[in-house]
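The chain contents come next:
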Amino acid sequence: MAALEPFLVLAEAVSEGRISPSEFSFVCLPSYKGCGGPYPSAEQYQAATDLFYVAHDCDSSGIGMPDLLNDDQVRQKAADIARRMRTLLR
């Protein structure tokens, strides 16, 4: 079963400035893609997927597009998702 906790750690780290948005993207994208099994709930799956898209949109260079989100937007969106994740894990 997939766990939401590692994604919460990533979301909090980037939102608090402990890692850069590019480091966040570098870790989050393959972690999400490699995460096996279903999530405990549809809401947890959606939160992890939303975080994946934030990571994707802050590092679009791999698909030949400019980044869709700047660093401040990444931090804010990650903070919002982290709050949601914390609520889901209670």
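Relevant structure appears above.
Quick look at the structure, then. Model, not experiment: these values are computed from the prediction. (Residues numbered from 1 in each chain as written. Predicted model: local features only at pLDDT ≥ 70, side-chain atom pairs only at ≥ 80, totals over all residues. Heavy atoms only, no water.)

1. Comments concerning the overall build of the chain
And then number 1: Within the chain, the regular secondary structure consists of four helices and zero strands.
And then number 2: In the chain, the order of α-helices and β-strands from amino to carboxyl end is α-α-α-α.
And then number 3: Here the C-alpha atoms of the chain give a radius of gyration of 12 Å, agreeing with the 12 Å that 2.2 N^0.38 yields for 90 residues.
And then number 4: C-alpha extents for the chain along the principal axes are approximately 35 × 25 × 20 Å.
And then number 5: The buried share among the 90 residues of the chain stands at 37%.
And then number 6: Residue pairs at least 24 apart in sequence account for 65% of intrachain contacts in the chain once pairs closer than 6 positions are excluded.
And then number 7: A total of about 5,100 Å² of accessible surface is found on the chain, and carbon and sulfur atoms cover 55% of it.
And then number 8: The positive charge centre, built from 8 side chains, and the negative charge centre, built from 12, are 5 Å apart in the chain. (Helix = DSSP H or I, 4+ residues; strand = E, 2+ residues; numbered from the N terminus. Rg over C-alpha atoms; globule rule 2.2 N^0.38 Å. Buried < 20%, exposed > 50% of the residue type's maximum accessible area, 1.4 Å probe, protein only. Contact = heavy atoms within 4.5 Å. Areas by Shrake-Rupley, 256 points an atom, 1.4 Å probe, with all protein chains shown as cover. Lys, Arg positive; Asp, Glu negative; His and termini not counted. Charge placed at Lys NZ, Arg CZ, Asp CG, Glu CD.)

2. A short note on the packing of aromatic side chains
And then number 1: Per the counting criterion, the structure on display carries four aromatic pairs.
And then number 2: Joined through ring pairs, the aromatic side chains of Phe7, Tyr32, Phe52 and Tyr53 make up one cluster. (Phe/Tyr/Trp six-rings, centres within 6.5 Å; stacked < 30°, edge-to-face > 60°.)

3. Considerations on the environment of Gly37
And then number 1: When you line up the elements, Gly37 lands in the loop between α2 (21-34) and α3 (42-58).
And then number 2: Distance from Gly37 to Leu89, taken between C-alpha atoms, is 18 Å for residues 52 residues apart in sequence.

4. Concerning the pattern of salt bridges
If charged atoms from side chains of opposite charge come close, those side chains can pair.
And then number 1: For the coordinates displayed, the defined rule picks out five salt bridges.
And then number 2: The salt bridge involving Asp72 is made with Arg75; its shortest N-O contact spans 3.4 Å. Remark: Arg75 and Asp72 occur in helix α4 (residues 71-88); sequence separation between them is three residues, near one turn of the helix.
And then number 3: For the salt bridge of Asp80 with Arg83, the shortest nitrogen-to-oxygen distance reads 2.3 Å. Placement of the pair is Asp80 and Arg83 together in helix α4, with a separation of three residues, close to one helical turn.
And then number 4: Owing to a relative accessible area of 42%, Arg83 belongs among the partly exposed residues under this scheme. (Salt bridge = Lys/Arg side-chain N within 4 Å of Asp/Glu carboxyl O.)

5. Focus: the packing of α2 against α3
And then number 1: Relative orientation of the contacting elements α2 and α3 amounts to 135°, with a least axis distance of 8 Å. In this view, α2 runs oblique relative to α3, as classed from their interaxial angle. By crossing handedness, the relation of α2 to α3 is classed as left-handed. Each of Pro21, Phe24, Ser25, Cys28, Leu29, Tyr32 and Lys33 in α2 lies in contact with α3, whose residues at this interface are Tyr45, Ala48, Thr49, Leu51, Phe52, Val54, Ala55, His56 and Cys58.
And then number 2: Of the residues assigned to the contact of α2 with α3, the class counts are 12 nonpolar, three polar and one charged. (Axes fitted to C-alpha atoms, helices over the stretch in contact; angles between N-to-C directions. Parallel < 35°, antiparallel > 145°, perpendicular 65-115°, else oblique. Left-handed = near helix turned anticlockwise from the far one by under 90°. Nonpolar A, V, L, I, M, F, W, Y, C, P; charged D, E, K, R; others polar.)

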